[in-house]
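# Fold and contact review
Spelled out from the first residue to the last, the chains are:
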Amino acid sequence: MSDISTEMVNSAPTGGFGGAEYNLVAKGAKLEAINLFCTRFDINPELLAEERNWKLNYGRKILSCQFSEEQSSVVAVFQYYVIAKFGRKRALSCSADYGVFYETPDGATTAGAVGFCRNVGTFAAYPYFRALFAQLSGEAGLSLPPLPAIASTAHIPPKQISEG
């Protein structure tokens, strides 16, 4: 399992959620907005000549996810990042935090809404980060490859979640 997959599994809600809870939200949720909250892009100019030899590392984190039954909404903040190294030195770093907002259907549960937003929201915001990184690295005069696609882990129903 990749570092990102392990991170997503480890950060998943421990109680799990049922398929019916998730599917209710998945069928009725409406994407309200994807907003960039903050970004940072740094380059070590001393290592620009070594661009072809940089080793790129990618990742993402879920910083928060909250459901409001009163407002029929769920929101999550996702952080995406790229770090390039040449040997032990950091050549480049880029990170951005995005808020993803969904309207949820009547009857949505906290577990179903949060599970849906954590799973689907990360895919909704990632293309924005890919575009941002391409634009920033292009403006810096770099010719880095496009960021890779991201994958998801399978849903684990509550009964199958193991401890340990």
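It should be emphasised that the depicted structure is a prediction, and the values quoted were computed from it without experimental measurement.

Analysis parameters
Residues numbered from 1 in each chain as written. Predicted model: local features only at pLDDT ≥ 70, side-chain atom pairs only at ≥ 80, totals over all residues. Heavy atoms only, no water. Core = buried A, V, L, I, M, F, W, Y, C linked by side-chain atoms within 4.5 Å. Buried < 20%, exposed > 50% of the residue type's maximum accessible area, 1.4 Å probe, protein only. Helix = DSSP H or I, 4+ residues; strand = E, 2+ residues; numbered from the N terminus. Contact = heavy atoms within 4.5 Å. Polar contact = N/O pair within 3.5 Å; in protein donor to acceptor, adjacent residues only side chain to side chain.

Next up on the list: the nonpolar core. The biggest cluster of nonpolar side chains holds 36 residues, and the ones touching the most others in it are Trp-54, Val-74, Leu-92, Tyr-98 and Phe-129. Residue assignment for this core shows that the elements contributing at least two residues are helix H2 (19-28), strand S2 (55-68), strand S3 (73-86), strand S4 (89-103) and helix H3 (110-139). The dominant element in this core, judged by the number of residues it contributes, is H3, at 10 residues. Setting aside anything within four residues of it in sequence, one finds Leu-92 in contact with Phe-41, Asp-42, Ile-43, Trp-54, Val-82, Ile-83, Ala-84, Phe-133, Leu-142 and Leu-144.

With respect to the helices and strands, the residue Thr-104 is situated in the loop between S4 and H3. Classification of Thr-104 by relative accessible area gives buried; the value is 4%. In this structure the side chain of Thr-104 is engaged in a polar contact, spanning 3.4 Å, whose partner is the backbone nitrogen of Ser-73. Ignoring sequence-local partners within four residues, the contact set of Thr-104 consists of Val-25, Phe-67, Ser-72, Ser-73, Val-74 and Ala-113.

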